[in-house]
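If you want the building blocks of each chain, they are given just below.
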Amino acid sequence: MTSLDSWQQLLSHTIDDPAELIRLLDLPETLVAPAREAAKGFPLRVPMPYLRRIEKGNPDDPLLKQVLPLVTETRKVTGFVADPLSEAQYNPHQGIVHKYKGRVLLIMTGACAINCRYCFRRHFPYDENRLGPEQWQTMLNYLRTDSSIEEVILSGGDPLAVSDNRLQRLVNDLSTIRHLKRLRIHSRLPVVIPERVTPELLKILNESRLQTTLVLHVNHGNEIDETVGHALNALRDARITLLNQAVLLRGINDSVPALKHLNESLFGWGVLPYYLFVLDPVDGAAHFDIPDAEAQKLVTQLQAQLPGYLVPKLAREIPDRPSKTVLPTVTS
Ligand code: SF4
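The sections below set out a description of the structure shown in this document. Since the structure is predicted, the reported quantities are computational estimates derived from the model, not experimental observations. (Residues numbered from 1 in each chain as written. Predicted model: local features only at pLDDT ≥ 70, side-chain atom pairs only at ≥ 80, totals over all residues. Heavy atoms only, no water.)

1. Some thoughts on the packing of helix H6 (residues 133-145) against helix H7 (residues 164-175)
At a minimum axis distance of 11 Å, the contact between H6 and H7 shows a crossing angle of 30°. The angle between H6 and H7 falls in the class roughly parallel. Regarding H6 and H7, the two cross each other, and that crossing is right-handed. Together, Trp-136, Met-139, Leu-140 and Leu-143 of H6 and Arg-166, Arg-169, Leu-170, Asp-173 and Leu-174 of H7 make up the contact between the two elements. Its residues assigned to classes, the contact of H6 with H7 comprises six nonpolar, no polar and three charged. (Axes fitted to C-alpha atoms, helices over the stretch in contact; angles between N-to-C directions. Helix = DSSP H or I, 4+ residues; strand = E, 2+ residues; numbered from the N terminus. Parallel < 35°, antiparallel > 145°, perpendicular 65-115°, else oblique. Left-handed = near helix turned anticlockwise from the far one by under 90°. Contact = heavy atoms within 4.5 Å. Nonpolar A, V, L, I, M, F, W, Y, C, P; charged D, E, K, R; others polar.)

2. A closer look at the packing of aromatic side chains
By the definition in use, this model includes five aromatic pairs. With a centroid separation of 4.9 Å and 50° between ring planes, the pair formed by Phe-124 and Tyr-126 is classed as tilted. Pair check on accessibility: Phe-124 and Tyr-126 agree, each one buried. Ring-pair connections join several aromatic residues into one group, and the members of that group are Tyr-274, Tyr-275 and Phe-277. Looking at Arg-169, its charged tip hangs above the ring of Trp-136, at a distance of 4.3 Å from the centre. Taking NZ or CZ as reference, Arg-196 lies 3.7 Å from the ring centre of Trp-7, over its face. (Phe/Tyr/Trp six-rings, centres within 6.5 Å; stacked < 30°, edge-to-face > 60°. Buried < 20%, exposed > 50% of the residue type's maximum accessible area, 1.4 Å probe, protein only. Lys NZ or Arg CZ within 6 Å of the ring centre and 35° of its normal.)

3. Some thoughts on the packing of H7 against helix H9 (residues 199-207)
Direction vectors running N to C along H7 and H9 enclose 5°, while the axes themselves pass 10 Å from each other. If you check the angle between H7 and H9, you find them roughly parallel. Where H7 abuts H9, its residues Asp-164, Leu-167, Gln-168 and Val-171 lie against Glu-200, Leu-201 and Ile-204. Class assignment of the residues belonging to the contact of H7 with H9 gives a composition of four nonpolar, one polar and two charged.

4. Description of the pattern of salt bridges
This structure, assessed with the given rule, holds 22 salt bridges. Between Glu-73 and Arg-122 there is a salt bridge, with the nearest N and O atoms lying 3.1 Å from each other. Residue Glu-73 is found in the loop between helix H5 (64-67) and strand S1 (96-97), and its partner Arg-122 is found in the loop between strand S2 (103-107) and H6; the two are separated by 49 residues along the sequence. Each member of the pair Glu-73 and Arg-122 is classed as buried. Among the ionic pairs, Glu-207 bridges to Lys-203, the shortest N-O distance being 3.5 Å. A residue pair is termed a helical-turn pair when its members lie 3 or 4 positions apart in one helix, as Glu-207 and Lys-203 do in helix H9 at four residues. Salt bridges sharing common partners tie together Glu-150, Glu-151, Lys-181, Arg-182 and Arg-184. (Salt bridge = Lys/Arg side-chain N within 4 Å of Asp/Glu carboxyl O.)

Encoded structure:
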């Protein structure tokens, strides 16, 4: 039995119909038809706790813009492709992406609590990457036989969308592999459904012998309200290192005040800004793109206003490079 406001209920009762989203947010009905058209390629999905942070009647709300399908997504733009990071070539077995030395990424699930319109995995073949019982053993063998792997990164989809039982089993299995030292979880769930941070989850993460880091994904300061903040506090109390990576997005966080607000809000709740990514050129997201020169100028201006530890590294992921590529700041 789960209560009506449990994370499982909130996860299974998201807003998936553009007309309902538009109605709940008092937005013009003219937005419904284009949203339905764009949602055919990548569905709408918004959980209620996130929706409540969107300002009603404001079509320019920075949280709304991250989730509202727009017809511009259906236009083809040169250079914007289905697999912008060429992950298919680093996919040795189902559910495994092994790109960087010493680190392996596991695709725990294709499910997310929210569908972010700019997501670089919006076309990812999740069906071909299911970790069923057989693939689970293959994955464990892969990790066991390569002693250079010290860190496992749980990704998705959203890895915290899986049940606590499955997560516990994975953490237990990983803990038996002696050369693994660190567990990293990339998740948006503690922000979009903070109810996901339960005592059971904290116990699983806190009791693991693996040093655990949670990398959140927050793009705008308005995503962090008191409830999210308390969930972040609970994670810190459980000795989980909290980092954030954001994506620089046109019309959402492309100003110095917005970035300052974001990084100060994160740090106010104990989260260190880690990366600010320029957009991965994924098909359907070109309208969010910001030229490198503009991004570099923004971060340079941000540096002039904040201490260094509140300024994330501006970076891009380039296929075939052995690590993320940090973009330099500029002099003017
Ligand atoms: S994988 Fe992350 S960025 Fe992509 S849709 Fe899911 S929550 Fe959003």
